[in-house]
Structures are given as C-alpha cells and as structure tokens.
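Read off the chains here:
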Amino acid sequence: MMITVSVIGTAPAHAESSSRFDGNSFASQARAGKLSERQAETLQEKVDAYLQKTGGKQISLNEIEIDNGKLKVALPGEAHPRDFVNAPTSVALASRCLDDQYNGWFCAFRSTGFSGDELEWYNCGTYNMPWTGYGSWRNNQTRGTVAKFINASGGVIYSTPGAYSSSLSYNWTPVFKVKPC
C-alpha cells in the first residue's frame, strides 16, 4: 500500500505540512493498523484539513501537535482515535480528559458523548476551534478553572463551570476560539 501525503491549499505560515514528513513511517502505521488504501487516504485528508485550520505538525498517522496541545483524529466511522504507534489495530489513544479529574487538561471532542476527533490543551492561551456542529467537552483543569468559548467577534459566548465539569453535547458552530483557562 502506498500512502500519498499531500497538503490541501496553502498552509498557514506556522503550520508544518504533512508533506515534510517521512511518508514511509505513516505508511507503515497504516499497514500495521490494517487500513485499506482508501481508509488511509481519507484519514490523511482529515489530517491535512486540520493542519490548514489549526497549523501544527503531524507527528503520527492521526496526531497533530498544535500550540500547547494535541489534535487526535479518529478514523471515519470509529468512535475514538486509534493508537497507530503502539497498538494500531484495536487500542484507542489515551485521552487526557477521560481518565483522571483535575489533571490540568481541557479537551474538546468533535462528536457528542466525548467521542470522535479530540483536541487536548494544557496551557493557558487562546486556540482555534476547527469544527462546527454538536460535539462535547471536558474540563479537567485545576479545581475551579473556567474555560471560555469565543465567537468570531472575539466575545465570550460561554464560560464553563469550574473544573471538574463537562458537557456530553455542545454546539461548536458559533465557537471560533477556546481559551481553556
């Protein structure tokens, strides 16, 4: 199987496009994960689209290192991103927000019920929200820490309850940025 790694459009200046990476290691991960060529291509297309929206650096077949965090991408049709590096065929990547409370992380999920693609942030900052529609979030930061969701005009449209808090369903459509502190 041959994986063609490509970049859609023009990457932001701060993004490291996936074309700078050794496609052979990603191809090896896809083979070990028993992905069909179409599955591997579809997954890479999702990663490339996220690189355009968030910048960052692709560090595995389905992970992007972003400013002070990580974006983990699920294979279409699967509930959680796989660990293609350590156990590619069946194990989901560990989520920093689904295990321990008050561990310092804020996580946003592309789908409801803490599933789908996952953003994880640890440090304070303001970060791009790359998706729309209904998803979910978990605030596992230091006790009492509040995350803020910001609209296109820069206004805060929602402040989470202090950590630990979560929502099984949240509409990301009006959210352009997240400030997890």
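Everything in this summary refers to the structure shown in the same document. (Residues numbered from 1 in each chain as written. Predicted model: local features only at pLDDT ≥ 70, side-chain atom pairs only at ≥ 80, totals over all residues. Heavy atoms only, no water.)

1. Brief notes about the overall build of the protein chain
Here is step 1: Within the protein chain, the secondary structure is distributed over two helices and 12 strands.
Here is step 2: Reading the protein chain from its N end, one meets helices and strands in the order β-α-α-β-β-β-β-β-β-β-β-β-β-β.
Here is step 3: Here the protein chain holds 181 residues, and 46% of them are scored as buried.
Here is step 4: Taking the contacts inside the protein chain whose residues are at least 6 apart along the sequence as the reference set, 60% of them involve residues at least 24 apart. (Helix = DSSP H or I, 4+ residues; strand = E, 2+ residues; numbered from the N terminus. Buried < 20%, exposed > 50% of the residue type's maximum accessible area, 1.4 Å probe, protein only. Contact = heavy atoms within 4.5 Å.)

2. Section: unusual backbone geometry
The general pattern is negative phi for most residues beyond glycine and trans for most peptide bonds.
Here is step 1: Of note, the amide linkage connecting alanine 163 to tyrosine 164 takes the cis form, showing an omega dihedral of -5°.
Here is step 2: Here tyrosine 164 is to be found in the loop between β10 (156-159) and β11 (165-171).
Here is step 3: At lysine 34, a residue that is not glycine, the phi angle is positive and equals roughly 60°.
Here is step 4: Secondary-structure assignment places lysine 34 in the loop between α1 (23-32) and α2 (37-54).
Here is step 5: A positive phi angle, near 55°, is found at asparagine 68, a position not held by glycine.
Here is step 6: The residue asparagine 68 is located in the loop between β3 (63-66) and β4 (69-72) in this model.

3. Digging into the side chain of serine 115
Here is step 1: Topologically, serine 115 is positioned in strand β6 (residues 115-121).
Here is step 2: Leaving out residues up to four positions away in the same chain, serine 115 has contacts with Ala79, His80, Phe109, Arg110 and Ser136.

4. A closer look at the environment of lysine 148
Here is step 1: Looking at the element boundaries, lysine 148 is found in strand β9 (residues 148-150).
Here is step 2: For lysine 148, a relative accessible area of 28% corresponds to the partly exposed category.
Here is step 3: Along the backbone, lysine 148 and valine 178 are 30 residues apart, and their C-alpha atoms lie at a distance of 5.9 Å.
Here is step 4: Residues contacting lysine 148, with those up to four places away along its chain left out, are Val156, Tyr158, Ser159, Lys177, Val178, Lys179 and Cys181.

5. A closer look at the sheet that holds strand β12 (residues 177-179)
Here is step 1: Strand order in this open sheet of four strands is β7-β12-β9-β10, and the pairing throughout is antiparallel. A single partner strand is all that each edge strand has here, and the edge strands are β7 (127-128) and β10.
Here is step 2: Of the strand pairs in this sheet, β9 and β12 are connected by three bridges, and their pairing is antiparallel. Looking at β12, one finds that lysine 148 is bridged to lysine 179. (Pairing = 2+ DSSP bridges.)

6. Overview of the pattern of salt bridges
Here is step 1: Enumeration according to the criterion identifies seven salt bridges in this entry.
Here is step 2: Ionic pairing is found between glutamate 63 and lysine 70, a salt bridge with its closest N-O pair at 3.4 Å.
Here is step 3: Notably, a salt bridge pairs arginine 96 with glutamate 120, separated by 2.8 Å at the nearest N-O pair. With arginine 96 in the loop between β4 and β5 (105-111) and glutamate 120 in strand β6, this residue pair connects regions lying 24 residues apart in the sequence.
Here is step 4: Among the charged side chains, a salt-bridge network with shared partners connects Arg38, Glu41 and Glu45. (Salt bridge = Lys/Arg side-chain N within 4 Å of Asp/Glu carboxyl O.)

7. A short note on the side chain of arginine 82
Here is step 1: Inspection of the secondary structure puts arginine 82 in the loop between β4 and β5.
Here is step 2: Classification of arginine 82 as buried rests on a relative accessible area of 10%.
Here is step 3: From its side chain, arginine 82 meets the backbone oxygen of glycine 33 in a polar contact 2.9 Å long. (Polar contact = N/O pair within 3.5 Å; in protein donor to acceptor, adjacent residues only side chain to side chain.)

8. Re the nonpolar core
Here is step 1: Core analysis: the largest hydrophobic core is formed by 29 residues, its most contacted members being Phe149 and Trp172.
Here is step 2: Going through the elements one at a time, α1, α2, β3, β5 and β6 are the ones with two or more residues in this core.
Here is step 3: For this core, the element with the most residues is α2, which contributes five residues.
Here is step 4: Those residues in contact with phenylalanine 149 that lie beyond four places of it in its chain are Phe106, Trp137, Gly155, Val156, Ile157, Tyr158, Thr160, Tyr170, Trp172, Val175, Lys177 and Val178.
Here is step 5: Ranked by size, the runner-up nonpolar core spans five residues in total, among them Trp105, Cys107, Phe109 and Phe114. (Core = buried A, V, L, I, M, F, W, Y, C linked by side-chain atoms within 4.5 Å.)

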